[in-house]
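Working through the structure, step by step
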Amino acid sequence: MKDATLSVSEPLPACAAIPLWKRLLDLSCILLASPVVFLVMGFIALGIKLISRGPVFFRQERVGYRGHPFNCFKFRTMKVDAAVASHQDYLKDLMQSEAPMTKLDLIGDPRLFPLASALRATGLDELPQIFNVLRGEMSLVGPRPCLLYEYEKYLPSQKRRFNTLPGLTGLWQVSGKNKTSFAEMINLDIAYAENRSLALDLTIMLKTFPVLALQCCEILKQRLRKSRRPPNLKPRQPCP
């Protein structure tokens, strides 16, 4: 990517400085949840190793605070050497339309290995990003870190969403997510970046778990409906 970082000559808005309370909140929550989180991560890592050939973790360059690229960690949910062209084309269409940002997982993504969609639906594939939080590259709450080819298509006004650290969850994630358009996601992210507060972060955290549970139920219902559809039966050949 060509010079992803925002121009150093551009003045830094007062709301863009990362407050101390945000760092303390991130570290406190990780410390309190670490026994459970690392146990869950261990089970997931073992499951991936047993189900799919390849590494457990997936590292991808993303764009974060003030346009700085960083390596984002996730549990691998795709087959080794899965093509990315289909995702790029799908994302490009979403950015240029008012269509809801339904994930490819929900409409069927052949790049995923068995049970990977469950990890993605629950957000458990993003648990390794707590290492990004510990390194100061992310926060628990903030806009999602976007991909490099996505960043290059952003308008200057849309880049205001990068005036805060990216997060594991955020205002967009608890405000409809798959039912919102790209433009609505950008507006929610900018609203968060410009109105950040301890109370807002805590509210978003508390809303995240019910939202994930509802999302999992919707995916389960969708799959049950598909499984109940009668198969397409071919017409029987007439007897000679």
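The structure displayed is predicted, hence computed values, not measured ones.

**Details of the overall build of the chain**
Secondary structure summary: the chain contains eight helices and five strands in total. Going residue by residue from the N terminus, the α and β elements of the chain occur as α-β-β-α-α-α-α-β-β-α-β-α-α. Counted over contacts in the chain with a minimum sequence separation of 6, partners at least 24 positions apart contribute 77%. Entry remark: accessible area of the chain is about 14,000 Å², with carbon and sulfur atoms responsible for 64%.

**Considering helix H1 (residues 20–51)**
Where H1 bends most, at Ser34, the angle is about 65 degrees, and the proline Pro35 comes one to four residues later. Here H1 has its buried residues at Lys22, Leu25, Asp26, Ile30, Ser34, Val37, Met41, Ile44, Ala45 and Ile48.

**Comments concerning unusual backbone geometry**
Leave glycine aside and you will find that most residues have negative phi; peptide bonds, for their part, are mostly trans. Not every positive phi belongs to a glycine, and Arg66 is a case in point at roughly 60 degrees. Note on placement: Arg66 falls in the loop between strand S1 (57–63) and strand S2 (69–75).

**A closer look at the sheet that holds S1**
Spatially, the three strands line up as an open sheet ordered S2-S1-S4, and their pairing is antiparallel. What marks the edges here is a single partner per strand, and that holds for S2 and strand S4 (146–147). Of the pairings in the sheet, the one linking S1 to S2 comprises seven bridges and is antiparallel in character. Counterpart to Arg59 in the pairing with S2 is Phe73.

**A word on the nonpolar core**
Judged by nonpolar contacts, the single largest core of 28 residues is most densely connected at Ile48 and Phe75. The set of elements that each furnish at least two residues to this core consists of H1, S2, helix H4 (116–122), helix H5 (130–134), strand S3 (139–141) and helix H8 (198–228). Those residues in contact with Ile48 that sit more than four places away from it in its chain are Pro55, Val56, Phe75, Arg76, Phe113 and Leu119. Counting residues in each nonpolar core, the second largest holds 14 residues, with Val63, Met95, Tyr151 and Met185 among its members.

**A closer look at the packing of aromatic side chains**
This model, assessed by the stated rule, comprises six aromatic pairs. With a centroid separation of 5.1 Å and 65 degrees between ring planes, the pair formed by Tyr151 and Phe162 is classed as edge-to-face. You can see Tyr151 sitting in helix H6 (residues 148–151) and its partner Phe162 sitting in the loop between H6 and strand S5 (167–169), a full 11 residues away along the chain. Seen in terms of ring centroids, Tyr154 and Phe162 are 5.5 Å apart; in terms of plane orientation they differ by 50 degrees. Their pairing is tilted. Look at Phe162 and you get buried, because its relative accessible area is 2%.

**With respect to helix H7 (residues 182–194)**
The end-to-end C-alpha distance of H7, which contains 13 residues, comes to 19 Å, matching closely the 18 Å that a straight helix rising 1.5 Å per residue would cover. Buried residues of H7: Phe182, Met185, Ile186, Asp189, Ile190, Tyr192 and Ala193, and no others. Angularly, the buried residues of H7 cover 160 degrees about the axis, an arc narrow enough to put them on a single face.

**Some remarks on the pattern of salt bridges**
Tallying each qualifying case throughout the model produces six salt bridges. For Asp201, the salt bridge identified is with Lys22, shortest N-O distance 2.7 Å. Residue Asp201 is located in helix H8, and its partner Lys22 is located in helix H1; the two are separated by 179 residues in the primary sequence. The exposure classification of Asp201 matches that of Lys22, with both residues buried. Here Asp189 ties to Arg161 by a salt bridge, and the two come within 2.7 Å at their closest N and O atoms.

**A short note on the side chain of Thr180**
Here Thr180 lies in the loop between S5 and H7. A polar atom in the side chain of Thr180 sits 2.7 Å from the side chain of Trp172.

Quick notes on the rules
- Residues numbered from 1 in each chain as written.
- Predicted model: local features only at pLDDT ≥ 70, side-chain atom pairs only at ≥ 80, totals over all residues.
- Heavy atoms only, no water.
- Helix = DSSP H or I, 4+ residues; strand = E, 2+ residues; numbered from the N terminus.
- Contact = heavy atoms within 4.5 Å.
- Areas by Shrake-Rupley, 256 points an atom, 1.4 Å probe, with all protein chains shown as cover.
- Bend = angle between axes of the 7 residues up to and from the residue.
- Buried < 20%, exposed > 50% of the residue type's maximum accessible area, 1.4 Å probe, protein only.
- Pairing = 2+ DSSP bridges.
- Core = buried A, V, L, I, M, F, W, Y, C linked by side-chain atoms within 4.5 Å.
- Phe/Tyr/Trp six-rings, centres within 6.5 Å; stacked < 30°, edge-to-face > 60°.
- Expected span 1.5 Å × (residues − 1).
- Arc of directions from axis to C-beta.
- Salt bridge = Lys/Arg side-chain N within 4 Å of Asp/Glu carboxyl O.
- Polar contact = N/O pair within 3.5 Å; in protein donor to acceptor, adjacent residues only side chain to side chain.

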